[in-house]
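What follows is each chain in one-letter form.
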Amino acid sequence: MKILHTADWHLGKRLEQFSRLEEQKEVLNEICEIAEKESVDAVIIAGDLFDNFNPSSEATELLYNTLHRLSNFGSRAVIAIAGNHDSPERIDAPDTLARVSGILFVGFPNAHIHPFETRSGLKVTKTDKGFVEFQLPDTAIPLRLLLTPYVNEIRLKTFLGIEKTEDSLRQLLEKHWQQLADTYCDDQGVNLLVTHLYVMLQDDENPPEEPDDERPILHIGGAQAIYTNNFPSQIQYVALGHLHRYQTVSQQPCPIVYSSSPLAYSFAEANQAKYVVIIEVEPGKPAVYREIGLTKGKKLLRARFEQIEEALQWLGECQGALVQLTIVTDDFLESADKKRLTEAHTGLMPIIPEIRAKTVNKDTNAKLVELEGSSMEDLFIDYFKNTKEGRGQAPNESLLGIFREVLALDEDETI
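Draft legend 1. A look at unusual backbone geometry. Note the cis peptide between Gln252 and Pro253, where omega equals 5°. As for its position among the elements, Pro253 is in the loop between strand 14 (247-250) and strand 15 (256-258). Of note in this structure, Asn72 is not a glycine but carries a positive phi near 55°. Owing to a relative accessible area of 36%, Asn72 belongs among the partly exposed residues under this scheme. For Ser260, which is not glycine, the phi dihedral falls at a positive 90°. Relative to the helices and strands, Ser260 resides in the loop between strand 15 and strand 16 (275-280). Looking at Ser260, the relative accessible area reads 1%, which means it is buried.

And the structure:
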């Protein structure tokens, strides 16, 4: 049996002022071509189909068209689960119609799929909360999937009907997965687990980092980390979503793999290769897997310069990419220079000015005298320049106008 694993499509995502939709169309077409060339029996999308809970109509249309093509008119199983960026209700909504094409949407961890069969012979033969067994058209081997969309601890207890327990999220999931594996996953079929969670080795001193531009899972009210030893021994491959870099977390008790996002979605991912994973597996044997590199989409590049002319030359050399530029300056970025840089590249993000640290006057008394002689407005301007928002630049007239109004109100109250 051959299966394609992908995740973190984030359809509808933007990078600053730039839409990524056309790039997403190109890379999803590339994924479809890989599925067709490899003649895969099933496709798994491990969460974060969309970038937010209310995706645009264009993003929604792109998802449905892509999944329909991947399903190959109902002859190939396509399974998509919700991630932490997805609305589980929205993911579940089209499921009834999608089944006709062999597409299974799973928004909640307690999802109980109703058995169905397509005209091409793809059918669901067994289901349970968070479990489904497929019979695929071209093989007698059943495909068993333990499916756990993103969920936090409180929601999981509700979905699994657990009211009073001090067990942690990882303990609850371990018990849930083990019960399903013991019931349905023998060595006569292919057994996979699909989830969208943060997974790491227990006691790992260098755990994988969540993407800079990702909505973090590890936060108060979110989900705690899951350890690799929480997965059942019967499982032959764990298909993960959430982290955007391709990585194998562990080979024990089986390959536990993040497939990566199909595009670089933040500059922290600049120069990061992107992949889909092809899994080849048969009953009772370890899964064999290999990554296939994706080539579509714009590169993300970033650089730092002290000279405007050098920055202009670099911008001219990286046309076609999306770029982030930091300019080091003594005071502030001249409007004329900013205009030259902006006009030199159509994919330039807002320029980041980096103000050189000035020598501090060691004469503290002189500094105090300087401050005492400054107006409130001068002090505000000096303060603003040193904030993250100011980045060495003075506040604009609009913000200064608001500050002056506040000063005026304060003076009126004093009077």
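Here the narrative resumes, following the displayed structure.
Draft legend 2. Fine view of the packing of helix 1 (residues 21-38) against helix 2 (residues 57-71). Taken N-terminus to C-terminus, the directions of helix 1 and helix 2 make an angle of 10°; their axes are 10 Å apart at the nearest point. The angle between helix 1 and helix 2 falls in the class roughly parallel. Here helix 1 contributes Leu21, Gln24, Lys25, Leu28, Asn29, Ile31, Cys32, Glu33, Ala35 and Glu36 to the contact with helix 2, which in turn contributes Glu58, Ala59, Leu62, Thr66, Arg69 and Leu70. Class assignment for the residues of the contact of helix 1 with helix 2 results in eight nonpolar, three polar and five charged.

Draft legend 3. Main features of the sheet that holds strand 8 (residues 131-135). Reading across from one edge, 7-8-9-10-13-15-14 is the order of the seven strands in this open sheet, with mixed pairing throughout. The open sheet has two free edges, formed respectively by strand 7 (123-128) and strand 14, since each of these has just one partner strand. Strand-to-strand twist of the sheet, defined as the mean angle between neighbouring strand axes without regard to direction, takes the value 25°. The sheet contact formed by strand 13 (residues 237-241) and strand 15 spans three bridges and is parallel. Bridge pairing links Leu240 to Tyr258 in strand 15. In the packing of helix 6 (residues 169-184) onto the sheet, contacts are made with strand 7, strand 8, strand 9 (142-148) and strand 10 (190-196), and the angle to strand 9 comes to roughly 165°.

Draft legend 4. Region of the structure containing the nonpolar core. Residues Phe134, Leu143 and Leu145 are the most contacted members of the largest nonpolar core, which totals 34 residues. Secondary structure elements with two or more residues in this core: strand 4 (42-46), strand 5 (77-81), strand 6 (103-106), strand 8, strand 9, strand 10, strand 13 and strand 16. Judged by nonpolar contacts, the second largest core, of 33 residues, contains Phe50, Leu63, Ala98 and Ile103.

Draft legend 5. Representation of the side chain of Gln247 in the model. Among the structural elements, Gln247 can be located in strand 14. A polar atom in the side chain of Gln247 sits 3.1 Å from the backbone oxygen of Arg245. Not counting residues up to four positions away in its chain, the partners in contact with Gln247 are Pro208, Ile256, Val257 and Tyr258.

Draft legend 6. Examining the pattern of salt bridges more closely. This model, assessed by the stated rule, comprises 14 salt bridges. Of the charged contacts, one joins Glu22 and Lys25 as a salt bridge, the two residues approaching to 3.3 Å between their closest N and O atoms. Taken together, the positions of Glu22 and Lys25, both in helix 1 and three residues apart, correspond to about one turn of that helix. Since its relative accessible area comes to 51%, Glu22 is described here as exposed.

Thresholds, definitions, all that
Residues numbered from 1 in each chain as written. Predicted model: local features only at pLDDT ≥ 70, side-chain atom pairs only at ≥ 80, totals over all residues. Heavy atoms only, no water. Helix = DSSP H or I, 4+ residues; strand = E, 2+ residues; numbered from the N terminus. Buried < 20%, exposed > 50% of the residue type's maximum accessible area, 1.4 Å probe, protein only. Axes fitted to C-alpha atoms, helices over the stretch in contact; angles between N-to-C directions. Parallel < 35°, antiparallel > 145°, perpendicular 65-115°, else oblique. Contact = heavy atoms within 4.5 Å. Nonpolar A, V, L, I, M, F, W, Y, C, P; charged D, E, K, R; others polar. Pairing = 2+ DSSP bridges. Core = buried A, V, L, I, M, F, W, Y, C linked by side-chain atoms within 4.5 Å. Polar contact = N/O pair within 3.5 Å; in protein donor to acceptor, adjacent residues only side chain to side chain. Salt bridge = Lys/Arg side-chain N within 4 Å of Asp/Glu carboxyl O.

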